[in-house]
Amino acid sequence: MGRFTRHLALGEKIVINGEEFELKPLSIENIADFFEAMKSMSGAAKASGKENIDPSDALKYMTKEGAEAIGRLIDATLKISLPDESAEERRQFGLKYMGELLNKIFEMNSAMVNPDAAERLKDKVKTLQHGPNN
Amino acid sequence: MDRITELKSRIFNKEKPLSDSDIIRIHHVMMVNYGWISLEEFKQLPLPTLWGLLNEIETDAKREKAETDKIKPKRHK
């Protein structure tokens, strides 16, 4: 992958069980779920005492809302990326390969995948609205 | 509670996650910089593109402010 590809939002390739898939980035429509999922991952990491927790393990420590947001993110990504698959196929595939999919979803949708991302976005929007010194 | 603290607490409060008004603010910032963007078009914008554009807007705003500061008359004490 070229250095610019991620910034062009063209999607990224992922190899699952020997087969290559191209996943497309999420849109603003999914932003609320995206932050909810990041928050839940961060909470799960704290609860487990591990700094970098595998998404599959994180589910054990997550709130119902967080787990639901993650489910919606995976489904939305699969729907955009593989539009010909049925809802049931997406659900089964998403459940089976949740860890791999979620890692890639976080990686490709954010240049700032960390618990402070939402704060930084908010600060940025505030700065843009009121100028750097306000 | 000031505005930004209130916004932050809304994001991290699981009962009230990122709200429609936050999305409206982001939409507003984008339109100020790029002109009219229909809501449907805005909602389809990919997240990595949004982060990239906000970074560009911020960089431009900082540069413009630095240039404005240079030509501002200095205050005498």
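Residues numbered from 1 in each chain as written. Chains lettered and ligands numbered in written order. Predicted model: local features only at pLDDT ≥ 70, side-chain atom pairs only at ≥ 80, totals over all residues.

1. A closer look at the nonpolar core
So the rule is basically this: Structurally, a nonpolar core is described as a collection of buried Ala, Val, Leu, Ile, Met, Phe, Trp, Tyr and Cys residues joined by way of C-beta atoms within 7 Å. Whether a residue is buried, exposed or partly exposed follows from its count of other C-beta atoms within 10 Å of its own C-beta, namely 20 or more, 12 or fewer, or something in between, respectively; the C-beta atoms are built from the backbone. Going along the chain from the N terminus, every DSSP run of H or I of four or more residues is numbered as a helix, and every run of E of two or more is numbered as a strand. Residues are treated as contacting if the C-beta atoms built from their backbones sit within 7 Å of each other.
One finds F34, A37, L73 and I74 of chain A together with L47 of chain B to be the most contacted residues of the largest nonpolar core, which totals 25 residues. Elements with a contribution of two residues or more to this core: α1 (31-48), α3 (64-81) and α5 (98-109) of chain A together with α4 (47-71) of chain B. Per-element tally for this core: the top contributor is α1 of chain A, with six residues. Excluding its chain neighbours within four sequence positions, the residues that come into contact with L47 of chain B are P25, L26, S27, I28, I31, F34, N109 and S110 of chain A.

2. Side note on unusual backbone geometry
All names here are of chain A. Of note, N17 is a non-glycine position whose phi angle comes to about 55°, a positive value. With respect to the helices and strands, N17 occurs in the loop between β1 (12-16) and β2 (19-23). Owing to 8 C-beta atoms within 10 Å, N17 belongs among the exposed residues under this scheme.

3. Examining the packing of α3 of chain A against helix α4 (residues 87-96) of chain A
All names here are of chain A. Short version of the rule: Only C-alpha atoms enter the line fits that serve as axes; for helices the fit covers just the stretch in contact. Angles between N-to-C directions range over 0 to 180 degrees. Note on terminology: angles under 35 degrees are roughly parallel, angles over 145 are roughly antiparallel, angles of 65 to 115 are roughly perpendicular, and the others are oblique. Crossings are assigned a handedness: left-handed for a near helix turned anticlockwise from the far helix by less than a right angle, right-handed for a clockwise turn. Amino acids are sorted into nonpolar (Ala, Val, Leu, Ile, Met, Phe, Trp, Tyr, Cys and Pro), charged (Asp, Glu, Lys and Arg) and polar (every other residue, Gly among them).
Contact geometry for α3 and α4: axes closest at 10 Å, N-to-C directions at 120°. In terms of orientation, α3 lies oblique with respect to α4. In the crossing of α3 with α4, the sense of the turn from one axis to the other is right-handed. For the pair α3 and α4, the contacting residues are I74, D75, L78 and K79 in the first and R90, F93 and G94 in the second. Class assignment of the residues belonging to the contact of α3 with α4 gives a composition of three nonpolar, one polar and three charged.

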